[in-house]
Amino acid sequence: MSVGGTPRRIDSEGKVTGVTEYPADRIPPDALVAKVVFTNQAHARLTSLDVRAAEVTPGVVAVFTAPDVPVNVYGLTLPDQPVFVGTSHTGRTDVPCDVSRWEADHLALVVAETAHAADQAAAAIVATWEPLPVLGDIDEAMAPGAPLLHPENGLGHNVYTTYNIRKGDMAAGWAAAAAVVEATYEVPYQEHAYLQPEAGMAYIDDHGRVTVEIAGQWTHEDREQIAHALDLPEDEIRVIYPAIGGAFGGREDTSLQIVLALAAWRLHQRGEHRPVGCVWSREESIVGHHKRHRGRIQARWGADAEGRITAVESEAWLDAGGYNYTSNKVLGNLHLGQGGPYEVPNAQVTSHAVYTNAVPGGAFRGFGGPQSAYVAECQMNKLAEALGLDPVEIRRRNVLRDGSIGITQTPMPDGVTIAQVVEACAAAASTPPPASPSEPFTPFATLGPAAGDLRRGRGFACAFKNVGFSFGFPERCEAEIVLHGAVGDDAPHGADLFHAGADVGQGAHTVFTQMAAEALGLPIERVHGHFSDTAITGDSGSASASRLTWMAGNAILGAAEEADKAWRNGDRPAVGKFRYVPPPTEALDPETGVCTPNFSYGYVAQAVELTVDTGTGHIRVDRVVSTHDVGRAINPDLVVAQIEGGVVQAHGYVLSEDLQVRDARIQTPRLSTYLIPGIGDGPTVIEPLILELADPIGPWGARGMAEMPMMTYAPAVVAALHDATGVWFDAFPLTPSRVLARLNESGRP
Amino acid sequence: MKYLAPKTVEEATTLLAEHPGATVFAGATDVIPQLKAGRPEPEALVDLKKISQAVSVSDEGGHWSIGAATATAKLTGNKALAAEFPGLVEAAGLIGSDQVQSRATLGGNLCNASPAADSVPAMIANGMRAVIAGPGGTRTVAVEDIPTGPGSTQLQPGEFVVSFELDHAPARTGDAYLRLIPRTEMDIAVVGAGVRITLDDAGNVASATVAIGAVAPTARRVPAAEEALVGNPINDTTLAAVAEAASAACNPIDDKRGTIAYRRQVAGVLARRAVVAAAERAAASTNGASNNGETR
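Draft legend 1. Quick look at the overall build of chain B. Counting its regular elements, chain B contains 12 helices and 14 strands. Against the 2.2 N^0.38 benchmark of 19 Å for 296 residues, chain B shows a C-alpha radius of gyration of 19 Å, consistent with a compact globule. Projected onto its principal axes, the C-alpha positions of chain B cover 55 × 45 × 35 Å. Here chain B holds 296 residues, and the buried ones make up 54% of them. Contacts in chain B between residues at least 24 apart in sequence constitute 60% of all its contacts with a sequence separation of at least 6. As presented, chain B carries roughly 11900 Å² of accessible surface, and 52% of it is formed by carbon and sulfur atoms. Taking the average location of the 25 positive side-chain charges in chain B and that of its 31 negative ones, the two points are 6 Å from each other.

Here's what the structure looks like:
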């Protein structure tokens, strides 16, 4: 059987042998070289721009600026960002285009024969700026009299999106509480740090389409944004994804898509037909794309003497940066998570997104969920401590179950399994880990004999995460299957699968192929996939929200059924096209938040054991049991890979990754100062524990799972650190210096 | 930019006299990244790795001679050296990564003059001397006197370090180097501590050298810590005095890798732990006259 098996990944041979082409590999030697010129201004008004010297620099072919863009504005969920900051533009946007609101706003695109010429020309651009007050963080942006970063929205302040939940009777909730815990939490940025920095190329294809080959997460959305900015019909734009070197949400928004398309299109008009390529350095990548949001959450929770939650009062502020990106959607996810995966009878929850001049916040594995899960689970663990309850027992008494009414006052989708996930995780964590096949690393040997300074602790956390787009977004996913065979054949001898879904490295194309083979009853090698090209595939939606396997599976099942009908009807080839639409969701009510937010969830629990060196502040995570209900593991190896990769990414988020921003400018744009985990840094033992409790509407019962390992690691580590030291950490990353400073100030241990 | 590769010390000094704007290099693990980061190209790069004296490790009877351009992988792979000076060899084995250590050298680590250079506190703790060649001939200088500040040394124009001298350790001697980075590998020291201890027959400290790195413009000795140790046993009182002295000797900066307060506190912790590690090695030591033949 193809589903549930672990066939060799369809991309493995090419990636192992090095023949697979990533976007930068696709750029031919004769391509022109494009360089994006950043404004390098966190907040300033452009008063003049002179590119004449750049245009006459030897080797320069063209310099594109704001007036070259038909519609000089873009944005994935809110068009609020100029393609180029400029002193003039076509006037087809209300967004003031002469203001740089972010150091990596684009000022110009230089196209040259060589990278050297492009660099020379970029340096020859003369821009004069009128400095504006830099809003370095949410406090500055919300201060009275702060300048408005987007006056065009008419709101009169920089807090541009707010969501509410008002449920039950808060006074009654507090009156019933035997314990109340309250804290203000600060959550940090995280950089995606994918292996492949942004790169791409654009050209005009044989059908005259403006074609962009690039790494992204949603071909058809990229196409829509390019078409909008260039004011062209979508069918005159083509987007192709070659192999993609990681994404994690960092390619949800466009990077080079629009400017490369613009360059190829404008050059073609001038009779220049060579492709235009661009490859960002790591520094350009870190400065030039959005981050996981930093933010602040104030939370006050009450529980009765049995540990049952009586009230949740919570307010969050996310630093959206200079532009929305997906902040208004991330905020919704964070909002929903502020009460945790629990029965909450009385709730007052508020969430805000705030424009600042810092790097935009946006999509990143978990999409607002890790921030609110950190807060909710820390609150839950503090309640357990206050009431003298075991952390697992207090969850047992509060978790959502089938038939539960969620915090937005509508029933949970059937198949609520968090209670089973919590029990399985707790049971696994209470037994010793399996013997390690090899000697574990001794990573902190260089810190010397520290026996007297070492403390050990254990922590627990659980969470839910939506699968698929939320809050009324028109979710859909298309697939097409073509069956081949002769007229008299009983069964097809092979099939073509057409699907746009992005394989960002997670193995999506292998999983699509497995699911198509299973649905068609064909061996996997008889299914030939054609992926991620808007010219030949229908809209799949994004590789995000843990949705792709789930949505694509349902679309593939539908397409297989349609193709089978055509086959039995005698069509040769037999074509089946299907557009899967899941159960509808609803937007939050503005006052009460009442809505059906989602159609499916995944559930996770993690148990962490760690050792902290109280002399230096170093933390070693000795073991994490990461427990996931994946409904059905379409490919168990890939599920394990997602868990292990997600845990290590979460480990960096919680322990070492410290994106330093001063005056709204990134101070750590290199991997030598922004420290992602190395091979010796992650948990010594990662135990993935996979449950297969079917989602009633998932394909083969599958649930999404890719984001879930990120959700609970921070609160589980913080709980273990508290167990070890008696000290709560209401902010992270838990770098050695922060840990030691907090231990010093608490006087323990 | 010319690449020059002299085969003898004399040839090198002649070339350096002819090219006053030249940069000397060995493994180039600092020079190449610096050039890529935009440092102006020198007139010439002079490679010391073709000079045999600069790339050899030998026991000269009374002392070891370690070529300044010897890849640190050659040091970590030298069993006799590692047995006699485990702390020094461990420090050399912490520079960069395995790949970097196939090129990186003690001479480069010292003369690049980063305050955070891993090998330098360990070299200072072991009293190593640098043999310097130059237009005026050869001179020998204590390693601790070579760096004068971040990126600067007392080397004069045309001078370069050819090799290091390291006296054999007396009996009941041990050394240790501890290094703190936020991660476990591939990073630059936030704090480093190199210690050498010689014990007397009663188990008290007969002599001690304590050096700390990354917490001041140059790696530096901590005389107050050494004084607290000499003549005393290793116990909580002396260790607390060592930690206090090491913290007090710090003059660190706030940077992306660590705060002043953190560096100062952890310098004390690492110095204390390095003393414990070095003393344990000293107590277990087989160094000294009784078994020279076996350990070398």
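Draft legend 2. Spatial organisation of the packing of aromatic side chains. Residue and element names in this part refer to chain A. Throughout the structure, instances matching the rule amount to 16 aromatic pairs over all chains. When the centroid spacing of 5.5 Å and the interplanar angle of 80 degrees are considered together, the rings of tyrosine 185 and tyrosine 374 count as edge-to-face. Of the two residues, tyrosine 185 is situated in strand E8 (residues 179-187) and tyrosine 374 in helix H11 (residues 369-387); the sequence distance between them amounts to 189 residues. Aromatic rings pair up to connect Tyr185, Tyr374, Tyr653 and Phe732 into one cluster. A cation sits over an aromatic face here: arginine 300 above tryptophan 174, 4.1 Å from the ring centre. The ring of phenylalanine 729 has arginine 742 lying over it, and the distance from NZ or CZ to the ring centre is 5.9 Å.

Draft legend 3. Seen up close, the domain arrangement of chain B. All names here are of chain B. Assigned domains of chain B: these are domain 1 (56-167) and domain 2 (173-283). Contact residues are listed per partner, giving 23 residues for domain 1 and 21 residues for domain 2. In total, about 1800 Å² of surface goes out of reach between domain 1 and domain 2, with carbon and sulfur atoms giving 57% of it. When residues of domain 1 are sorted by the area they lose upon contact with domain 2, Pro115, Pro121 and Ala125 head the list and together hold 27% of the total. Viewed at the interface, domain 2 and domain 1 are joined by 3 salt bridges. Close ionic contact of arginine 179 with aspartate 118 constitutes a salt bridge, the shortest N to O distance being 2.9 Å. If you look at where domain 1 meets domain 2, you find 11 residue pairs in polar contact (both at pLDDT 80 or more). Taken together, the residues that form the side of domain 1 that touches domain 2 break down as 14 nonpolar, 6 polar and 3 charged.

Draft legend 4. Representation of the environment of A:Asn635 in the model. All names here are of chain A. Within the secondary structure, asparagine 635 sits in the loop between strand E22 (619-629) and helix H16 (636-656). In sequence terms asparagine 635 and threonine 510 are 125 residues apart; their C-alpha atoms lie 8.8 Å from each other. Those residues in contact with asparagine 635, other than ones at most four positions away along the chain, are Gly5, Thr6, Pro7, Thr510, Val511 and Gln514.

Draft legend 5. Broad picture of the sheet that holds E22(A). All names here are of chain A. Spatial ordering of the open sheet is given by E16-E21-E22-E25, a layout of 4 strands whose pairing is mixed. On the outer flanks of this sheet lie strand E16 (454-466) and strand E25 (685-691), each paired with one strand and no other. Averaged over all pairs of adjacent strands, the angle between strand axes in this sheet comes to 15 degrees, irrespective of strand direction. Sheet analysis places E22 next to E25, joined by 7 bridges and oriented parallel. Residue pairing for E25: arginine 623 is matched across the bridge by valine 685.

Draft legend 6. Spatial organisation of the pairing of strand E11 (residues 173-180) of chain B. When you tally the buried positions in E11(B), you get 8 out of 8 residues, the bulk of the element. Burial along E11(B) is two-sided: the face carrying B:Thr173, B:Asp175, B:Tyr177 and B:Arg179 and the face carrying B:Gly174, B:Ala176, B:Leu178 and B:Leu180 are both buried.

Draft legend 7. Spatial organisation of the pairing of strand E13 (residues 295-303) of chain A. Residues and elements named next belong to chain A. The buried fraction of E13 amounts to 7 of the 9 residues, a majority that puts the element mostly inside the structure. Relative to E13, E8 runs antiparallel, the two being bridged by 9 bridges. By the bridge assignment, valine 180 is partnered in E13 with glycine 302. Two strands pair when backbone bridges link them, and E13 and strand E14 (residues 309-321) are joined in this way by 9 bridges, in the antiparallel orientation. Its bridge partner being in E14, glycine 295 is matched across the sheet by leucine 318. Counting the residues that bridge the hairpin from E13 to E14 gives 5 residues, and of these glycine 307 lies at a positive phi of roughly 90 degrees.

Draft legend 8. Structural detail: the state of the cysteines. The tally for this structure, following the rule as stated, stands at 0 disulfides over all chains. Here A:Cys425 stays free of any disulfide, with the sulfur of A:Cys462 as its closest cysteine sulfur at 9.0 Å.

Draft legend 9. Structural view of the pattern of salt bridges. Counted under the stated rule, the structure contains 56 salt bridges over all chains. In this structure, B:Arg272 engages A:Asp453 in a salt bridge whose closest nitrogen and oxygen atoms are separated by 3.4 Å. Linking B:Arg272 in helix H11 (residues 260-283) with A:Asp453 in the loop between helix H13 (418-429) and E16, this pair reaches from one chain into another. A relative accessible area of 18% places A:Asp453 in the buried class. Across the pair A:Glu478 and A:Arg579 runs a salt bridge whose closest N-O atoms are separated by 2.7 Å. In this pair, A:Glu478 is assigned in strand E17 (residues 477-484) and A:Arg579 in strand E20 (residues 574-580), connecting sequence segments 101 residues apart. Note on A:Arg579: relative accessible area 45%, which makes it partly exposed. Ionic contacts of the salt-bridge type, sharing partners, join the residues A:Arg456, A:Arg458, A:Glu609, A:Asp622, A:Arg623 and A:Glu687 into one network.

Draft legend 10. The interface of chain A and chain B, seen in detail. Between chain A and chain B, the residue contacts involve 29 residues of the former and 21 residues of the latter. Interface of chain A and chain B: buried area, both sides summed, is about 2100 Å²; carbon and sulfur atoms make up 54% of it. When residues of chain A are sorted by the area they lose upon contact with chain B, A:Thr446, A:Pro449 and A:Leu675 head the list and together hold 25% of the total. At the boundary of chain A with chain B, the tally comes to 3 salt bridges. Inspection of the region where chain A meets chain B yields 14 residue pairs in polar contact (both at pLDDT 80 or more). Here the side of chain A that touches chain B is built from residues that sort into 12 nonpolar, 14 polar and 3 charged.

Draft legend 11. Summary view of the domain arrangement of chain A. All names here are of chain A. Domains assigned within chain A are domain 1 (12-17 + 470-580), domain 2 (23-133 + 221-230 + 240-280) and domain 3 (404-467 + 598-746). Each partner contributes to the interface: domain 1 provides 20 residues, whereas domain 3 provides 22 residues. Between domain 1 and domain 3, the buried area comes to about 1500 Å², and carbon and sulfur atoms account for 66% of it. At the boundary of domain 1 with domain 3, the tally comes to 8 residue pairs in polar contact (both at pLDDT 80 or more). Sorting the residues of the side of domain 1 that touches domain 3 by element identifies helix H14 (508-520) and helix H15 (548-568) as the ones contributing at least two each.

Draft legend 12. Here's a closer look at helix H4 (residues 115-124) of chain A. All names here are of chain A. For H4, every residue scored as buried is listed here: Ala117, Ala118, Ala121 and Ala122. Looking straight down H4, one finds that the buried residues subtend no more than 135 degrees of arc, so they occupy a single side. Away from its buried face by more than 90 degrees, H4 exposes His116 and Ala123.

Draft legend 13. Up close: the packing of helix H19 (residues 736-746) of chain A against H11(B). Put simply, H19(A) and H11(B) touch, their axes get as near as 10 Å, and they point 85 degrees apart. As the angle between them shows, H19(A) and H11(B) are arranged roughly perpendicular. Residues A:Pro736, A:Ser737, A:Leu740 and A:Asn744 of H19(A) lie in contact with H11(B), whose contacting residues are B:Tyr262, B:Gln265 and B:Val266. The class makeup of the residues in the contact of H19(A) with H11(B) is 4 nonpolar, 3 polar and no charged.

The rules behind these values
Residues numbered from 1 in each chain as written. Chains lettered and ligands numbered in written order. Predicted model: local features only at pLDDT ≥ 70, side-chain atom pairs only at ≥ 80, totals over all residues. Heavy atoms only, no water. Helix = DSSP H or I, 4+ residues; strand = E, 2+ residues; numbered from the N terminus. Rg over C-alpha atoms; globule rule 2.2 N^0.38 Å. Buried < 20%, exposed > 50% of the residue type's maximum accessible area, 1.4 Å probe, protein only. Contact = heavy atoms within 4.5 Å. Areas by Shrake-Rupley, 256 points an atom, 1.4 Å probe, with all protein chains shown as cover. Lys, Arg positive; Asp, Glu negative; His and termini not counted. Charge placed at Lys NZ, Arg CZ, Asp CG, Glu CD. Phe/Tyr/Trp six-rings, centres within 6.5 Å; stacked < 30°, edge-to-face > 60°. Lys NZ or Arg CZ within 6 Å of the ring centre and 35° of its normal. Domains from an automatic or database assignment. Buried area = accessible area lost by both parts, 1.4 Å probe. Salt bridge = Lys/Arg side-chain N within 4 Å of Asp/Glu carboxyl O. Polar contact = N/O pair within 3.5 Å; in protein donor to acceptor, adjacent residues only side chain to side chain. Nonpolar A, V, L, I, M, F, W, Y, C, P; charged D, E, K, R; others polar. Pairing = 2+ DSSP bridges. Axes fitted to C-alpha atoms, helices over the stretch in contact; angles between N-to-C directions. Disulfide = S-S within 2.5 Å. Arc of directions from axis to C-beta. Parallel < 35°, antiparallel > 145°, perpendicular 65-115°, else oblique.

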